[in-house]
Amino acid sequence: MFAAIQAHQSRQSIMNFCSHCGAPVHVRIPEGDNLPRYVCTACATIHYQNPKIVAGCIPEWQGRVLLCRRAIEPRYGLWTLPAGFMENGETTPAAAARETLEEANAVVKDLELYGVFNLPHINQVYMLFRGRLQEGQASAGAETLEVRLCEEAQVPWDELAFPVIRETLELFFEDRRRGVYPLRMSDIMRGADNRIEVRRY
Ligand SMILES: [Zn+2]
């Protein structure tokens, strides 16, 4: 139990002041809870921290996949799939479609959930959708240097921005060869030796 609390605590974003009233916060386990939280010393607001959902898309066009080269940090200049944090009030496929439009000026249709990827070391869950790229049209958005429609052999495997993108593309091309796309799920974690470990379900 103590190890679980320590692990949980080490993944919290540091907070000094209450975002509600501005008073200092302290760390304690609220009554009825079993994990330490930041709790305001003045207004008693409990500041829960929970994982964020990143929604993304695998835009497909005539057997090729649309990749974007990042024009922003982190991983400036490396290749990724269109993806980003969900906004409040959005659905996951709407978020995936919006990110694709923003990053690649591309419209995707018929979105189908393809992959759920747990990244517990950075408190994120990726939800990746397959989508049909309308008329194969795309161009670089504000956060993108260039876009490219890639066959499997054209994917810049050594210049991918994130392990979750590599995992998604590896699974996708594996499934494409067989012509079936079951829902995929993997845990992608940074181990004690700082190496990325992938566990597929
Ligand atoms: Zn407060």
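Residues numbered from 1 in each chain as written. Predicted model: local features only at pLDDT ≥ 70, side-chain atom pairs only at ≥ 80, totals over all residues.

Topic: the overall build of the chain
Keep this limit in mind: Only DSSP runs of H or I reaching four residues or more are called helices, and only runs of E reaching two or more are called strands; each is numbered from the N terminus. Neighbour density around each residue's C-beta defines its exposure: 20 or more other C-beta atoms within 10 Å make it buried, 12 or fewer make it exposed, and counts between make it partly exposed, where C-beta atoms are placed from the backbone.
A tally of regular secondary structure across the chain gives three helices and twelve strands. Overall size of the chain, expressed as C-alpha extent along the three principal axes, is 60 × 35 × 30 Å. Taken across its 201 residues, the chain has 28% of its residues classed as buried.

A few points about helix 3 (residues 163-178)
What counts is decided by this rule: Here the expected length of a helix is defined as 1.5 Å per residue gap, with one fewer gap than residues. Here the contact rule is simple: place C-beta atoms from the backbone, and any two residues whose C-beta atoms are within 7 Å are in contact.
Taking 1.5 Å per residue as the helical rise, helix 3 with its 16 residues ought to reach 22 Å, and the 23 Å between its terminal C-alpha atoms agrees with that figure. When helix 3 is considered as a whole, its buried residues turn out to be Val 164, Ile 165, Glu 167, Thr 168, Leu 169, Leu 171 and Phe 172. Along its buried surface, helix 3 packs onto strand 4 (52-61), strand 6 (79-80), strand 8 (108-119), strand 9 (124-133), strand 11 (184-190) and strand 12 (196-200). At the C-terminal side of helix 3, Gly 179 shows a positive phi close to 75 degrees.

Examining the sheet that holds strand 3 (residues 46-47)
Cut-off, in case you're wondering: Here, a strand pair is defined by DSSP locating no fewer than two bridges between the strands.
Strands sit in the order 1-2-3 across an open sheet of three strands; the sheet is antiparallel. Looking at which strands have only one partner, the edges of the open sheet turn out to be strand 1 (25-28) and strand 3. When strand 1 meets strand 2 (residues 37-40), the two strands line up antiparallel, connected through four bridges. Within strand 2, the residue paired with His 26 across the bridge is Val 39.

A short note on the pairing of strand 8
Each regular strand displays side chains that alternate between the two surfaces of the sheet. Of the strand pairs in this sheet, strand 8 and strand 9 are connected by nine bridges, and their pairing is antiparallel. Within the sheet, the bridge partner assigned to Phe 117 lies in strand 9 and is Tyr 126. The turn linking strand 8 back onto strand 9 is made up of four residues, and Asn 123 within it adopts a positive phi angle of 55 degrees. The pairing of strand 8 with strand 11 spans four bridges and is classified as parallel. Among the inter-strand pairings, Asn 118 is bridged to a residue of strand 11, identified as Asp 187.

As for the nonpolar core
For soluble globular proteins, nonpolar side chains are generally found buried alongside one another. Put simply, the rule reads: By our criterion, buried Ala, Val, Leu, Ile, Met, Phe, Trp, Tyr and Cys residues that link up through C-beta atoms within 7 Å make up a nonpolar core.
By size, the foremost hydrophobic cluster in this structure holds 38 residues, and its most contacted members are Leu 66 and Tyr 126. Put simply, the parts of the chain that give this core at least two residues each are strand 4, strand 5 (64-70), helix 2 (92-104), strand 8, strand 9 and helix 3. Tyr 126 has contacts with Val 54, Gly 56, Ala 83, Phe 117, Leu 119 and Val 164, leaving out every residue within four places of it along the chain.

As for the pairing of strand 4
Pairing geometry for strand 4 and strand 9, over nine bridges, is parallel. Bridge pairing links Ile 58 to Arg 130 in strand 9. Relative to strand 7 (residues 83-85), strand 4 is paired through three bridges, and the arrangement is antiparallel. Considered in strand 7, the bridge of Gly 56 is made with Ala 83. Of the strand pairs in this sheet, strand 4 and strand 5 are connected by two bridges, and their pairing is antiparallel. Paired with Trp 61 across the strands is Arg 64, a residue of strand 5. From the end of strand 4 to the start of strand 5, which pair antiparallel, there are two residues, and Gln 62 there has a positive phi angle of about 45 degrees.

A short note on unusual backbone geometry
That bond from Glu 73 to Pro 74 is cis: its omega, -5 degrees, falls within 30 degrees of zero. Locating Pro 74 in the fold gives a position in the loop between strand 5 and strand 6. In this model, Asn 123 sits at a positive phi of 55 degrees, which is unusual for a non-glycine residue. Structurally, the position occupied by Asn 123 is in the loop between strand 8 and strand 9. The phi dihedral of Asn 194 is positive, around 75 degrees, even though this residue is not glycine. Here Asn 194 shows up in the loop between strand 11 and strand 12.

Treat this as a map of the structure, not an account of what it does.
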